[in-house]
Amino acid sequence: MNYAQNRLHEKLRTVFETAGYRRYKMSKFEEYDLYAKNKDFLVSENVLTFTDLDGRLMALKPDVTLSIVKNSAAEGVEKVYYHENVYRASNGSLGFREIAQAGLECIGDVDEYCVCEVLGLAAKSLSAISDSHELDVSHLGILCELTDRAGLDAGAKKELLRLFGEKNTGELKKLLERESVAVDCAERLIKLSQLDADTKDAAKVLRPLLSGYVSEDALELFLSTCDFLGEEFPGSVRVDFSAVGDIGYYSGIYFVGYVGGVPSGVLSGGQYGGLMKKLGKPSRAIGFAICLDLVDPLFSKAEAFDADVLLVYHDADAKTVYKIASKLSGGKRSVLSLREAPEGMRFGEVYNIVGGEAVRER
Amino acid sequence: MNGDMINVALPKGRLGDNVYDLFAAAGYRCPEIENPGRRLTFENPDVGIRYFWVKPSDVAIYVEKGAADIGVAGKDILLEYSPDVYELLDVGLGRCRMAVAAPKDFRDDTRKTLRVATKFPNIAKRHYSSIGRDIDIIKLNGSIELAPILGLSDVIVDIVETGATLKQNNLEVFSTLFDISARLIANKASYRFKRGEIQKIKDSLQEAIR
């Protein structure tokens, strides 16, 4: 990990800790049973397993949320963040990979403030990664209410969500026709699939579109959250219903974050009431995860060099070399100190110690 | 992703030529591409567009990984590889269908595992799984029609345009799985950060199709 990546991890930690979230450090292993029962929640069904010394089938964690939720307290609100490695076969790769993730979970008596706080922290995390960023917010509960009203069965609903995720209006129109969905409902679903609006305009767009078609409470709560986001994070959070997750697990707000220079979403999360229910937890929850591996290439420019500075110390004594190396580094730059300049390595700057002083090579 | 230009992955071949003609008609002409020489990328800074030709089955990968902001790929490729991209528009070119074909005298003996030769194993698996039929996939890369003739498979799952090749080889279509045409696809992050330009291209193409 280079300095830039280290700095990013430090910035994310600060974002989480200043909101009162405490670090949740966990074991690398978990009983396989937890993942076998909740395969749909995982990005990939493939899990690395092994038999422990006591005969239990264990798994290297493919996901962090499940473990945190399983061990969450029954009362109050628990606010935790993590920075862990998970192990899974990612989409398109030919084998298992170790993937670095950071994220947070807010579990328990989650109220409107908690939801706003988590969305705010997601926006701040994206901002810590890059100035060029966008958070897209949708509401799966509202979308499901509308699809229920349209009379879609489970299969058609799954297909509809896929088409929403693809912004595939053409195929969506065909599906709604095939399923004989009432014209007014179909029109609303099509408009919702095309929606891509600034959060400050959410009420103006969504109220006429959804009022009377979905629960007023859910709609107003969502609009109030959008209002907060539009005010606190102007221009960087949008309402876009192509942000969709598994409706078996996510039941309310769902969001995906993008940063410039990374071709896919780097952050995703939402209110996972469905998962809580499946795990027999009576409380509510919201959280998100950032895939740090996707973000790393943004900071690889700093690795154009093997080290920021090469210090060639020749015959200088250890104390002198140590002092000069510390001064050159200043705790910020990487300094490689060697007796002779190595072959085949590149450095931002090269210094030689001559007569007890560092002399920079031109 | 590269600068402010919109990078467009075009599928090599006849479909790609037609797709470029459509882009040109929509206002995104690129004189360089009409006199290609040995260059691999072609750009017209005046309209902010850069084209490159790739193998048709690779268009979706270029777009998904962000090397191209947008591209045009067949629906067959999108259904086979399920790339994580936006599918913005049916450009209406390259119309054909995905079908199950077999020798004219074929009768499906449901007591046996059905042997299916195809270039599209995921599409074939999904289709037969949806009807609960046990199959054995034989993945081929070309000359699929040969498989049932030589007894390598019972049926094939393949693209059918006019049906002439099937007819010449004494095969016929038994069922159509879905219609195929070329689609305008976009990278999800590019869509966020080049929203205006991509939307403008989509609207212009839509207008040109009419």
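Please read all numbers here as calculations on a predicted model, not as lab measurements.

Observations concerning the overall build of chain B
- Of regular secondary structure, chain B possesses nine helices and eleven strands.
- Principal-axis analysis of the C-alpha atoms places the extent of chain B at approximately 60 × 35 × 30 Å.
- Every one of the 210 residues in chain B was classed for burial, and the buried ones make up 50%.
- Sequence separation of at least 24 residues holds for 68% of the intrachain contacts in chain B that already meet a minimum separation of 6.
- Accessible surface, chain B as shown: approximately 10,400 Å² in total, 47% of it carbon and sulfur.
- When the 30 positive and 29 negative side-chain charges of chain B are each reduced to one mean point, those points stand 2 Å apart.

Things to note about the overall build of chain A
- When helices and strands are tallied, chain A shows 13 helices and 16 strands.
- Considering chain A as a whole, with its 362 residues, one finds that 52% of them fall into the buried category.
- Taking the contacts inside chain A whose residues are at least 6 apart along the sequence as the reference set, 69% of them involve residues at least 24 apart.
- When the accessible surface of chain A is summed, it comes to about 17,400 Å², and 50% of that surface belongs to carbon and sulfur atoms.
- Charge separation in chain A, taken as the distance between the mean sites of 44 positive and 55 negative side-chain charges, equals 3 Å.

Topic: the sheet that holds strand S8 (residues 196–198) of chain A
Residues and elements named next belong to chain A.
- As summarised here, the arrangement of the nine strands in space is S1-S5-S6-S12-S11-S10-S7-S9-S8, forming an open sheet in which the pairing is mixed. In this open sheet, the two edge strands, each paired with only one partner strand, are strand S1 (22–23) and S8.
- Across eight bridges, strand S6 (residues 97–108) lies against strand S12 (residues 284–291) in antiparallel orientation. From the neighbouring strand, Gly103 faces S12, where its bridge partner is Ala289.

Notes on the nonpolar core
- Counting residues in hydrophobic clusters, the biggest one holds 132 residues, and the most contacted among them are A:Leu206, A:Phe255 and B:Phe23.
- With ten residues, helix H4 (residues 112–129) of chain A is the single largest residue contributor to this core.
- Three or more residues apiece are contributed to this core by two domains, here domain 1 (1–132 + 260–304) and domain 2 (133–240) of chain A.

Concerning the packing of aromatic side chains
- Applying the stated rule across the entire model yields twelve aromatic pairs over all chains.
- Summarising the aromatic geometry, the rings of A:Tyr250 and A:Tyr254 are spaced 4.9 Å apart at their centres and angled 70° between planes, so their arrangement reads as edge-to-face.
- Residue classification places A:Tyr250 among the buried residues on the basis of a relative accessible area of 15%.
- A:Tyr254 sits in the buried class, given a relative accessible area of 8%.
- Centre to centre, the rings of B:Phe52 and B:Tyr62 are 5.9 Å apart; their planes meet at 50°, and the pair counts as tilted. Pair noted here: B:Phe52 is in strand S3 (residues 49–54) and B:Tyr62 is in helix H3 (residues 59–64), with a separation of ten residues, a long-range link.
- Taking relative accessible area as the criterion, B:Phe52 reaches 10% and is therefore assigned buried.
- Residue B:Tyr62 is classed as partly exposed on the basis of its relative accessible area, which comes to 34%.
- One aromatic cluster in this structure is built from A:Phe16, A:Tyr81, A:Phe255 and A:Phe288.
- The ring of B:Tyr86 carries A:Lys167 above its face, with NZ or CZ at 5.5 Å from the centroid.

Considering the confidence of the model for chain B
- Overall, the prediction assigns chain B a mean pLDDT of 93, with 98% of residues at 70 or greater.
- The lowest-confidence element of chain B is helix H2 (residues 31–34) of chain B, averaging 86 in pLDDT; the highest-confidence one is strand S11 (residues 182–186) of chain B, averaging 98.

Structural notes on helix H9 (residues 195–209) of chain B
- Taking 1.5 Å as the rise per residue, H9(B) with 15 residues should run 21 Å; its terminal C-alpha atoms sit 21 Å apart, in good agreement.
- Of all the positions in H9(B), only B:Arg195, B:Ile198, B:Ile201, B:Lys202, B:Ser204 and B:Leu205 are classed as buried.

As for the layout of surface pockets
Residues and elements named next belong to chain B.
- Space inside the second largest pocket adds up to approximately 670 Å³.
- As for the second largest pocket, its lining consists of 27 residues, and the residues nearest its centre are Leu15, Pro56, Asp76, Cys96 and Ile159.
- Contributions of two or more residues to the lining of the second largest pocket are made by helix H1 (14–25), strand S4 (70–74) and helix H4 (75–81).
- Looking at the lining of the second largest pocket element by element, the count peaks at four residues for H4.

Brief notes about the side chain of A:Lys61
Residues and elements named next belong to chain A.
- Within the secondary structure, Lys61 sits in the loop between strand S4 (57–60) and helix H3 (65–70).
- Glu30 provides the closest opposite charge to the buried, unpaired Lys61, separated from it by 4.0 Å.
- Ignoring anything within four residues of it in the chain, the contact list for Lys61 reads Met26, Ser27, Lys28, Phe29, Glu30, Tyr35, Ser67, Val86 and Tyr87.

As for empty space enclosed by the protein
Residue and element names in this part refer to chain A.
- The final tally for this structure, using the stated rule, is one cavity of 30 Å³ or more.
- Of the volumes computed, that of the largest cavity is approximately 60 Å³.
- As for the largest cavity, its lining consists of His9, Leu12, Arg13, Phe16, Tyr81, Tyr82, His83 and Ala102.
- When contributions to the lining of the largest cavity are tallied by element, the ones reaching two or more residues are helix H1 (3–17) and strand S5 (77–88).
- Per-element accounting of the lining of the largest cavity gives the leading share, four residues, to H1.
- Partitioning the lining of the largest cavity into residue classes produces five nonpolar, two polar and one charged.

Side note on the sheet that holds strand S2 (residues 29–31) of chain A
All names here are of chain A.
- Here we have three strands laid out as an open sheet, ordered S2-S4-S3, and antiparallel in their pairing. The open sheet terminates on both sides in strands that have one partner only, identified here as S2 and strand S3 (49–51). With strand direction ignored, the average angle separating the axes of adjacent strands in the sheet is 40°.
- Pairing geometry for S2 and S4, over three bridges, is antiparallel. Bridging across to S4, Phe29 finds its partner in Leu60.

Quick word on helix H10 (residues 216–232) of chain A
- Compared with an ideal rise of 1.5 Å per residue, which puts 17 residues at 24 Å, H10(A) spans 24 Å between its outermost C-alpha atoms and is within 8% of the ideal.
- Next to the buried residues of H10(A) lie H4, strand S7 (133–139), helix H5 (140–149), helix H9 (202–210), strand S9 (237–240) and strand S10 (253–259) of chain A.

As for the interface of chain B and chain A
- Contacts between the two partners involve 17 residues from chain B, matched on the other side by 21 residues from chain A.
- Summing both partners gives a buried area of about 1,500 Å² for chain B against chain A, and 44% of it is carried by carbon and sulfur.
- Sorting the residues of chain B by area buried against chain A places B:Glu87, B:Arg192 and B:Phe193 first, and these three jointly supply 35% of that buried surface.
- Between the two partners, chain B and chain A, sit six salt bridges.
- If you look at where chain B meets chain A, you find eleven residue pairs in polar contact (both at pLDDT 80 or more).
- Those elements that place two or more of their residues in the side of chain B that touches chain A are strand S5 (86–90) and helix H8 (188–193) of chain B.
- Among the elements that take part in the side of chain B that touches chain A, H8(B) stands out by supplying five residues, more than any other.
- Here the side of chain B that touches chain A is built from residues that sort into seven nonpolar, two polar and eight charged.

Conventions adopted
Residues numbered from 1 in each chain as written. Chains lettered and ligands numbered in written order. Predicted model: local features only at pLDDT ≥ 70, side-chain atom pairs only at ≥ 80, totals over all residues. Heavy atoms only, no water. Helix = DSSP H or I, 4+ residues; strand = E, 2+ residues; numbered from the N terminus. Buried < 20%, exposed > 50% of the residue type's maximum accessible area, 1.4 Å probe, protein only. Contact = heavy atoms within 4.5 Å. Areas by Shrake-Rupley, 256 points an atom, 1.4 Å probe, with all protein chains shown as cover. Lys, Arg positive; Asp, Glu negative; His and termini not counted. Charge placed at Lys NZ, Arg CZ, Asp CG, Glu CD. Pairing = 2+ DSSP bridges. Core = buried A, V, L, I, M, F, W, Y, C linked by side-chain atoms within 4.5 Å. Domains from an automatic or database assignment. Phe/Tyr/Trp six-rings, centres within 6.5 Å; stacked < 30°, edge-to-face > 60°. Lys NZ or Arg CZ within 6 Å of the ring centre and 35° of its normal. pLDDT = per-residue confidence, 0-100. Expected span 1.5 Å × (residues − 1). 1 Å grid on protein atoms, 1.4 Å probe; cavity = no way out; pocket = protein on both sides within 12 Å on 5 of 7 lines; lining within 4 Å. Points joined across faces, edges and corners; volume = space filled by probe spheres on them. Salt bridge = Lys/Arg side-chain N within 4 Å of Asp/Glu carboxyl O. Nonpolar A, V, L, I, M, F, W, Y, C, P; charged D, E, K, R; others polar. Axes fitted to C-alpha atoms, helices over the stretch in contact; angles between N-to-C directions. Buried area = accessible area lost by both parts, 1.4 Å probe. Polar contact = N/O pair within 3.5 Å; in protein donor to acceptor, adjacent residues only side chain to side chain.

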